[in-house]
Amino acid sequence: MPEPHDVPDAARSRRLERVAANLRGAVRRQDGRETPVGPRAMRTRKKLLEVAEQLFARDGYANISLNDIAQHSGVSLGTVYQYFADRDDIVATLAGESALRMLNLGADFWDAATGRLGLRRAISAIVTTQWENRDFFSLWETASHSDARLAELRREWVGDFRRSFARSLARGMKSGHVRPGLDPEETARALSLMVSAYCYDAFVADPPDPPLDPEGVIDHLTSLWADAIGLREDRELRAAEA
């Protein structure tokens, strides 16, 4: 049974439901009509996404066409167009799935009253998703620079998480768990960018040899976050009030 401060708010639940609905709402286009994707068609769609992600990671986003994806999936080009309008439609779908994984892990919900343990859970959701999907995040970084739609999707995706953290910081300052005087919006911007940029550099752009342990990364980033906002545990507040 989760503690009361671990229960996501209604806004988070609506966001999760919206993302999930968009993914479940996949359609198949044929003869000028759109029909919901059934189990067999969903398997084809899933295979196309998996093949596309593998090819993008291996050969680069700019070097892969829809025809390449069709050939490696063993289907016709027309079949690909039944599910996706273009390459960017595929990348946007993959982005939505990554966002859903992070939401399911609780990346967009954090209550300062949960202390470092709760903060670690939220950061763990971000780090774990970026580690397990590092090929995709490399792809999204590249594709966002060449397509305005994907760049906007990325800004919306990052902004949604940042606004959620800003609300958490504001509540934490009010409850005394976060040191006063911080600008919630700008603090959330700086710290969330630190996490995402660190993960991209450490897991994709310039990974060390041997690779970093994700658990160590989570601990490190949690400490940096907690120290930066002066995070106080419930027991510290009770001692101060005694």
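Each remark here, short or long, concerns the structure printed above.
Below you will find a few notes about this structure. Residue numbers run consecutively from 1 along every chain, following the written order of its sequence. Per-residue local features are limited, in this predicted model, to residues with pLDDT of at least 70; the limit for side-chain atom pairs, both in listing and counting, is 80 or more; totals at the level of whole chains, interfaces and linings are taken over all residues. Only hydrogens and water are set aside when side-chain values are computed; all heavy atoms of the structure are taken into account.

## Considerations on the overall build of the protein chain
Here is step 1 of the chain: In DSSP terms, a helix is any run of H or I states spanning at least four residues, a strand is any run of E spanning at least two, and both are numbered starting from the N terminus. For the protein chain, the count of helices and strands is 11 helices and two strands.
Here is step 2 of the chain: Tracing the protein chain from N to C terminus, the helices and strands come up as α-β-β-α-α-α-α-α-α-α-α-α-α.
Here is step 3 of the chain: A burial count over the protein chain gives 42% of its 242 residues as buried.
Here is step 4 of the chain: Only heavy atoms matter for contacts: two residues are in contact if any of them lie within 4.5 Å across the pair. Long-range pairs, those at least 24 residues apart, make up 69% of the contacts in the protein chain between residues at least 6 apart in sequence.
Here is step 5 of the chain: Method for areas: the Shrake-Rupley scheme with a 1.4 Å probe, in which residue coverage is limited to the protein chains shown. Carbon and sulfur atoms make up 51% of the accessible area of the protein chain, which amounts to about 13000 Å² in all. Any residue under 20% of the maximum accessible area for its type is buried, any over 50% is exposed, and the rest in between are partly exposed; the area is computed with a 1.4 Å probe on protein chains only.

## Structural notes on helix H3 (residues 66–73)
Here is step 1 of the chain: Among all positions in H3, only Leu66, Ile69, Ala70 and Ser73 are buried. Angular distribution of buried residues about the axis of H3 spans 100°; they occupy a single face of the element. The directions from the helix axis to the C-beta atoms are what the arc is built from.

## Some thoughts on the nonpolar core
Here is step 1 of the chain: Counting 54 residues, the largest nonpolar core has Phe56, Ile69, Ile90, Val91 and Trp110 as the members making the most contacts within it.
Here is step 2 of the chain: Looking at this core, the element that brings in the most residues is helix H2 (residues 39–59), giving seven residues. Only buried Ala, Val, Leu, Ile, Met, Phe, Trp, Tyr and Cys residues count toward a nonpolar core, and they belong to the same one when joined by side-chain atoms within 4.5 Å.

## Some words on the packing of helix H8 (residues 148–175) against helix H9 (residues 184–205)
Here is step 1 of the chain: Look at H8 against H9: their axes get within 8 Å of each other, and the N-to-C directions meet at 125°. Put simply, H8 runs oblique to H9. As for how H8 packs across H9, the hand of that crossing is right-handed. Along its contact with H8, which presents Arg162, Phe165, Ala166, Leu169, Ala170 and Met173, the element H9 presents Pro184, Glu185, Thr187, Ala188, Arg189 and Ser192.
Here is step 2 of the chain: Here the residues of the contact of H8 with H9 sort into seven nonpolar, two polar and three charged. All axes are obtained by fitting lines to C-alpha atoms, using only the stretch in contact for helices, and the reported angles, taken between N-to-C directions, cover 0 to 180 degrees. Here the word oblique covers every angle except those under 35 degrees (roughly parallel), over 145 (roughly antiparallel) and from 65 to 115 (roughly perpendicular). A crossing counts as left-handed when the near helix is turned anticlockwise from the far one by less than a right angle, and as right-handed when that turn is clockwise. Amino acids outside the nonpolar list (Ala, Val, Leu, Ile, Met, Phe, Trp, Tyr, Cys, Pro) and the charged list (Asp, Glu, Lys, Arg) are all regarded as polar, and Gly is one of them.

## Some remarks on helix H6 (residues 115–132)
Here is step 1 of the chain: Expected helix span is computed as 1.5 Å times (number of residues minus one). The terminal C-alpha atoms of H6, which comprises 18 residues, lie 26 Å apart, in line with the 26 Å expected from a rise of 1.5 Å per residue.
Here is step 2 of the chain: Buried residues of H6: Gly115, Gly118, Leu119, Ala122, Ile123, Ser124, Ala125, Ile126, Val127, Thr129 and Gln130, and no others.

## Notes on the packing of aromatic side chains
Each aromatic ring pair is summarised here by two numbers: the centre-to-centre distance and the angle between the ring planes.
Here is step 1 of the chain: When the centres of two rings from Phe, Tyr and Trp lie within 6.5 Å, Trp using its six-membered ring, the rings pair. Their planes under 30 degrees apart give stacked, over 60 give edge-to-face, and anything left gives tilted. In the structure shown here, the tally under the stated rule is four aromatic pairs.
Here is step 2 of the chain: An angle of 50° between the planes, with centres 5.5 Å apart, marks the rings of phenylalanine 56 and tyrosine 61 as tilted.
Here is step 3 of the chain: Consider the rings of tryptophan 110 and tryptophan 225, whose centres lie 6.3 Å apart with planes at 75°: the pair is edge-to-face. Within this pair, whereas tryptophan 110 is found in the loop between helix H5 (87–105) and H6, its partner tryptophan 225 is found in helix H10 (residues 214–229), the two being separated by 115 residues in sequence.
Here is step 4 of the chain: A relative accessible area of 1% places tryptophan 110 in the buried class.
Here is step 5 of the chain: These aromatic residues form a ring-pair network of at least three members: Trp110, Phe165 and Trp225.
Here is step 6 of the chain: Between the NZ or CZ atom of arginine 87 and the centre of the ring of tyrosine 61, over which it lies, the distance is 4.2 Å.
Here is step 7 of the chain: A cation sits over an aromatic face here: arginine 134 above tryptophan 131, 3.8 Å from the ring centre. Two thresholds decide whether a charge sits over a ring: the Lys NZ or Arg CZ must be within 6 Å of the ring centre and within 35 degrees of the ring normal.

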